[in-house]
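Below are the chains, spelled out letter by letter.
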Amino acid sequence: SLGQVLGALERNNAAVGGGWLERGAEQQVIRGESQLQGVEDIGAVVVAANEEGTPVLVRHLGEVVVGQALPYGVVTRDGEGEAVTAIVMMRLGANSREVVRGVHERIAQIRAELPEGMEIAVVYDRASFIERTLRTVGTNLVEGAVLVGIVVLVFLRNWRAALLVTLGIPFAMILAVCGMLAVGIDGSLMSLGAIDFGLLVDGPIVMGEAVIARFALEQGLHRKSSVETVREALARVARPVVFSVLIILLVYLPLLTLEGVEGKMFRPMAATMGLALFGSVIFALVVFPAASAAFLSPSGVHHHAGKLEERYRRALRWSIAERSRLLGGSLVALALTVPVLGSLGADFVPRIDEGDIVVAVRRIPSIGLSEARRLDLDVQRVLRRFPEVVTTVAQTGRAEVATDPVGLDNTDILVRLQPRETWTTAHDLDSLGEVMKAAISERSQ
């Protein structure tokens, strides 16, 4: 019977202690080992004996082979069949670019030793997301600097002054990067992508306007040199500029006290912004005065009241004359925003577009493995109909090492997409996800 087979295997798979034995001047431990080492040992276990006394072995009763453990999950790909997946786990605090580069090198070594017919296909590569993030940060930096330069040029009406003011952005960023390297802050979308260039040029703009106004007032007098004019103009606004930047820095101090996930997300941004503002102060107090004395001159400076300034004067005079009604209206508007403020919530998570989609499928908890596998393949066939999809990998249940202990009712389908510029339809990522959801729902019905 099956009970006899199990009993025989249990009796023949043991380790028994036999005490110890003195041998000369030494003491030796006695131990009896009867551990099954493989398929041959299992097949040679005696279960019973027949009437003639011939032993009946396990291999006489059936075939002894290495079987498989009960699966608690399944991975399928592209609606074609099962696959094997592997995920590289990065150590806490490691540099993601270096880790990805090392993984690529190791995979290249492994590919050279794979058996014929077996291949390693990269489904999701974090390096592409990192590169897109760095391109986004670089594009934002360049576009922000150019936009600030254009706005400064329009309002100052002096290309030399606008150029000097705009140079404060790269100067402040260079000092900020040096400070980031010194304190160990990594360059990321959160640390660099949230920098406000308008704040970085606040000090240089005020000083540039002061110099231009001073030159315009002294046109035709020629009583002072350019160096003296610049020195007198900037001496009056240097202290207010420093205090204004300090006030801006106070806004970022609460972010440095955040802890947990919020702290990891927003502390780098606050620290980077503080370093950049410190660089802007150094530029405004040290570099800008010297550059103004060297490149700016009274000739060609026109400082007159334009249409915009005249409108501002009329609005300012009205505001002072009607200050009571203006203050009352502001208080009423503030009161009307209180109900809206209570419904906004207190959570803020920046939206990061990785360029791919994860389709989450939830089923009844009692679903079987075969049925879950069939539905996964069906859903992937629907997804593969979209021309934007490169490949799909569905992960149902949990793996052998259950880092994500979920049941067979839980499926995550990673949908890798073509680059956005190659899409044949006018979808954005959200609308494409909705269209896929509708197609899957229609197929299920």
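Our structure's up above, just so we're on the same page.
Each value, and the rule that gives it
- Residues numbered from 1 in each chain as written.
- Predicted model: local features only at pLDDT ≥ 70, side-chain atom pairs only at ≥ 80, totals over all residues.
- Heavy atoms only, no water.
- Helix = DSSP H or I, 4+ residues; strand = E, 2+ residues; numbered from the N terminus.
- Buried < 20%, exposed > 50% of the residue type's maximum accessible area, 1.4 Å probe, protein only.
- Contact = heavy atoms within 4.5 Å.
- Areas by Shrake-Rupley, 256 points an atom, 1.4 Å probe, with all protein chains shown as cover.
- Axes fitted to C-alpha atoms, helices over the stretch in contact; angles between N-to-C directions.
- Parallel < 35°, antiparallel > 145°, perpendicular 65-115°, else oblique.
- Nonpolar A, V, L, I, M, F, W, Y, C, P; charged D, E, K, R; others polar.
- Phe/Tyr/Trp six-rings, centres within 6.5 Å; stacked < 30°, edge-to-face > 60°.
- Lys NZ or Arg CZ within 6 Å of the ring centre and 35° of its normal.
- Left-handed = near helix turned anticlockwise from the far one by under 90°.
- Salt bridge = Lys/Arg side-chain N within 4 Å of Asp/Glu carboxyl O.
- Expected span 1.5 Å × (residues − 1).
- Arc of directions from axis to C-beta.
- Patch = residues over 30% accessible without salt bridge, like charges linked within 9 Å, V, L, I, M, F, W, Y side chains within 5 Å.
- Pairing = 2+ DSSP bridges.
- Core = buried A, V, L, I, M, F, W, Y, C linked by side-chain atoms within 4.5 Å.

Engineer: Run through the overall build of the protein, naming residues and quoting values.
Structural biologist: Regarding its fold elements, the protein presents 16 helices and nine strands. The burial tally for the protein puts 28% of its 445 residues in the buried class. Restricting to contacts in the protein with at least 6 residues of sequence separation, those with at least 24 account for 64%. Summed over its atoms, the accessible surface of the protein is roughly 29900 Å², and 59% of this surface lies on carbon and sulfur atoms.

Engineer: Lay out the packing of helix 11 (residues 226–256) against helix 12 (residues 260–295) with the relevant residues and their values.
Structural biologist: Taken N-terminus to C-terminus, the directions of helix 11 and helix 12 make an angle of 180°; their axes are 10 Å apart at the nearest point. By the angle between their directions, the pair helix 11 and helix 12 is classed as roughly antiparallel. The residue inventory of the contact of helix 11 with helix 12, partitioned by class, reads 22 nonpolar, two polar and one charged.

Engineer: Tell me about the environment of Leu-9, residues and numbers included.
Structural biologist: For Leu-9, the location among the structural elements is in helix 1 (residues 2–11). According to the relative accessible area criterion, Leu-9 is partly exposed, its value standing at 22%. With near-sequence residues (within four places) excluded, Leu-9 lies in contact with Leu-36, Ile-42, Val-45 and Val-58.

Engineer: Before we move on, could you go through the packing of aromatic side chains and cite the residues and values that matter?
Structural biologist: This structure, assessed with the given rule, holds two aromatic pairs. Note on Phe-171 and Phe-283: the rings are 5.4 Å apart at their centroids and 50° apart in plane angle, and the pair reads as tilted. You can see Phe-171 sitting in helix 7 (residues 168–183) and its partner Phe-283 sitting in helix 12, a full 112 residues away along the chain. Using a relative accessible area of 26% as the deciding quantity, one classes Phe-171 as partly exposed. For Phe-283, a relative accessible area of 4% gives the class buried. Ring pairing ties together the aromatic residues Phe-171, Phe-283 and Phe-288, which thus form one cluster. Its guanidinium or amino end placed over the ring of Tyr-72, Arg-398 lies 4.7 Å from that ring's centre, counting from NZ or CZ.

Engineer: Just give me the short version of the packing of helix 6 (residues 159–166) against helix 12, but keep the residues and values in it.
Structural biologist: Two elements in contact, helix 6 and helix 12, have axes separated by 10 Å at closest approach and are oriented at 155°. Put simply, helix 6 runs roughly antiparallel to helix 12. In terms of crossing hand, the pair formed by helix 6 and helix 12 is right-handed. Contact residues: helix 6 offers Arg-160, Leu-164 and Val-165, while helix 12 offers Phe-283, Phe-288, Ala-291, Ser-292 and Phe-295. The residue makeup of the contact of helix 6 with helix 12, split by class, is six nonpolar, one polar and one charged.

Engineer: Tell me what's going on with the pattern of salt bridges, and back it up with residues and numbers.
Structural biologist: A side chain of one charge can pair with a side chain of the opposite charge when the charged atoms of the two come close. Scanning the entire structure with this criterion turns up nine salt bridges. Where Arg-317 meets Glu-310, a salt bridge forms, and the shortest distance between an N and an O atom there is 3.9 Å. Look at the salt bridges and you will find they share partners, linking Arg-77, Asp-78 and Arg-384 into a network.

Engineer: Before we move on, can you summarise unusual backbone geometry with the specific residues and values?
Structural biologist: Positive phi is not limited to glycine here, since Asp-78 has a value of about 55°. The residue Asp-78 is located in the loop between strand 5 (73–77) and strand 6 (81–82) in this model. Here Asp-78 falls in the buried class, since its relative accessible area comes to 16%.

Engineer: If you had to explain helix 4 (residues 96–111) to someone new, which residues and values would you point to?
Structural biologist: In this model helix 4 runs 22 Å from its N-terminal to its C-terminal C-alpha over 16 residues, within 8% of the 22 Å that 1.5 Å per residue would give. Buried within helix 4 are the following residues: Ser-96, Val-100 and Ile-107. End-on view of helix 4: buried residues confined to an arc of 35°, all on one side of the axis. Turned more than 90 degrees off the buried face of helix 4, the exposed positions are Glu-98, Arg-106 and Gln-109.

Engineer: Any chance you could break down a nonpolar patch on the surface for me, citing the residues and the numbers?
Structural biologist: Together, Val-142, Val-146, Leu-147, Ile-150, Val-151, Val-154, Phe-155 and Leu-308 give the surface a local cluster of nonpolar side chains, amounting to about 790 Å² of exposed area. Note on placement: Val-154 falls in helix 5 (residues 126–156).

Engineer: Pulling in residues and values, what's your account of the sheet that holds strand 5?
Structural biologist: Spatially, five strands are ordered 6-5-8-9-7 in an open sheet, and the strand pairing comes out antiparallel. Single-partner strands in this sheet number two, and they are strand 6 and strand 7 (357–362). Examined bridge by bridge, strand 8 (residues 389–397) and strand 9 (residues 410–417) share seven bridges and lie antiparallel to one another. Residue pairing in the sheet places Val-393 in a bridge with Leu-414 of strand 9. In this fold helix 15 (residues 369–383) packs onto strand 5, strand 6, strand 7, strand 8 and strand 9, with an angle of close to 25° to the strand it touches most, strand 5.

Engineer: Could you give an account of the nonpolar core, naming the residues involved and the relevant values?
Structural biologist: Leu-200, Tyr-252 and Leu-277 are the most contacted members of the largest nonpolar core, which totals 46 residues. Mapped onto this core, the elements with two or more residues apiece are helix 5, helix 6, helix 7, helix 8 (189–192), helix 9 (197–200), helix 10 (202–217), helix 11 and helix 12. Residue contributions to this core peak at eleven residues, all from helix 12. Beyond its immediate chain neighbours, meaning those up to four positions away, Leu-277 contacts Leu-199, Leu-200, Val-245, Ile-248, Leu-249 and Tyr-252. If you look at the next biggest cluster of nonpolar residues, it comprises 17 residues, including Val-361, Ile-413, Leu-417 and Trp-423.

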